[in-house]
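# What the coordinates show
Single-letter residue listing:
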Amino acid sequence: MSQTVAQTLPRSVRLGYGSGSVATGAFGTVPGLMLLPYLTDSLGIAALAAGAIVLLPKAWDVVLNPVAGRVSDRTVDERGPRRPWLLRAGLVLAVCFALIFAAPEMATGLEAAWVLVFFLAAASAYAFFQVPYVAMPAEITPSYDERTRLMTWRVAILAFTIMLAGATAPVIRDAVGGSANDRAGYRVMGVAMALVIVVGVVAAYVGTRNAPVGRVEPGPGTLGDQLRIVAGARDFRMLLTTFVLQALATGCMLAGVDYLAEDVLGRTGATTVLFVCFVGPALLLTPAWAALGRRVGKRTGYVASSVVLALGAFCAAGARTAPVGVVFAAVALVGVGYAGCQVFPLAMLPDAAAVDTRRTGSSRVGVYTGVWTAAETLGLALGPGLFALVLALGGYQSSTDGDVVQSDLTVAAITYGFSVLPAMLVLVSLWWLSRYTLDARQVEEAR
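Criteria and cut-off values
Residues numbered from 1 in each chain as written. Predicted model: local features only at pLDDT ≥ 70, side-chain atom pairs only at ≥ 80, totals over all residues. Heavy atoms only, no water. 1 Å grid on protein atoms, 1.4 Å probe; cavity = no way out; pocket = protein on both sides within 12 Å on 5 of 7 lines; lining within 4 Å. Points joined across faces, edges and corners; volume = space filled by probe spheres on them. Helix = DSSP H or I, 4+ residues; strand = E, 2+ residues; numbered from the N terminus. Phe/Tyr/Trp six-rings, centres within 6.5 Å; stacked < 30°, edge-to-face > 60°. Buried < 20%, exposed > 50% of the residue type's maximum accessible area, 1.4 Å probe, protein only. Lys NZ or Arg CZ within 6 Å of the ring centre and 35° of its normal. Salt bridge = Lys/Arg side-chain N within 4 Å of Asp/Glu carboxyl O.

## Considering empty space enclosed by the protein
One pass over the full model with this rule turns up four cavities of 30 Å³ or more. Around the largest cavity, the lining is made up of 25 residues, and of these Leu 158, Tyr 338, Gln 342, Glu 376 and Leu 380 lie nearest the centre. For the lining of the largest cavity, the secondary structure elements donating two or more residues are helix 2 (20-42), helix 5 (108-140), helix 6 (144-177), helix 9 (234-264), helix 12 (324-360) and helix 13 (365-393).

Set out below in structure tokens:
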């Protein structure tokens, strides 16, 4: 079906909605990149314990996110059911984020408890920001292609934010603290990233005030009843499983960047360069992936981008012996694939929710996105946890000054935990993606 003028969203709405990715990108990136090194190399917490601290608050979101979705489905407000939560939860998220990295000097156990409590609070606030935010596209537009365009803006801004936050957070830490292990650097970095989150929250709230969001008609029954119905949506399950496995792979790579730079490449500044290599291609190629999806279909485009991501990760396995330029190029190839692996699933999610609305006669968009974001959050949290397990198996030595020289076994564990393990996870995920069947015709019929 051709796109009509009424179905084409104005650029201001696309930009306004996409601005929310400034908040999600900062919170999704910086803890995954900085929190594990902060715990092991600044607070001196053992790798396995640090991995548990990173994992537990995100695991809590698996329970909380569907609740946040149901709450937003039932919110009655003149601003719409989703937008009020962007502002309420987003500002709380920013405050809690800054406090995560502000632990005062005290006993190691108390420092660990401080981080856990405020990370848990931040994760809870994030649930009530992210779930309504991700639910909005299904209500902003019913168009199969327009959702892809909307996601193109979102992913482009997300990629820019990841590069901004991921590249500058280590620089701020090192510039203020004088080393990668100084607490003052982490504190200032936490405040700076909190301000970035505030910018994204306010921009998304203001920028979507004129978005054509339709009336929400929540499905009947308890949350448990609706979760069972969502679990019965086969295409949604296939897409979700694929995305979660890839989020696990991405989380593993994010957690490994600082360790790869410091312990394998032996270059402190390499953390920032690796991040630019990872995210830079996404800024340029996100529109290209979207154009490919319109030509060959979203699922085919998703498969292609996944293969590119896995290939780049495999190429990074030679980081211990290859010239540093080759490692950077391999990570850039990962970034090329990563751009598509963000555009396509986020554009396919509202399609699955729309088909369900047509089938059942009531909207469960909030519940769908609650389940989706819960699973994504868990995958991104399990990634650092899995990488922490790899560190422990490799005999990684935690410290408070960063002067420990790691063994050859540890260096090998860091390298393969950053490269081969994520690549295998991405390739395995394609088994579920091959079973996703929704296409443009079915989505258009659901309209």
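Now that the structure has been shown, the text picks up again.
## Here we look at the packing of aromatic side chains
In this structure the tally under the stated criterion is 16 aromatic pairs. Each ring, one from Tyr 38 and one from Phe 101, has its centre 5.3 Å from the other, and the planes form 55°; the classification is tilted. In this pair, Tyr 38 sits in helix 2 while Phe 101 sits in the loop between helix 4 (83-100) and helix 5, placing the two residues 63 residues apart along the sequence. For the pair shown, Tyr 38 and Phe 101 are each scored as buried. With a centroid separation of 5.3 Å and 35° between ring planes, the pair formed by Trp 85 and Phe 128 is classed as tilted. Here Phe 128 lies in helix 5 and Trp 85 lies in helix 4, a separation of 43 residues in the sequence. Trp 85 gets classed as buried once you look at its relative accessible area, which sits at 18%. One aromatic cluster is present, formed by Phe 27, Tyr 38, Phe 97, Phe 101, Phe 119, Tyr 126 and Tyr 186 through successive ring pairs. When the ring centre of Trp 85 is taken as reference, the NZ or CZ atom of Arg 88 above it lies at 4.9 Å.

## A word on the pattern of salt bridges
Summed over all chains, the structure comprises three salt bridges. One network of salt bridges, in which partners are shared, links Arg 173, Asp 174 and Asp 258.

Read these as spatial facts, not as claims about activity.
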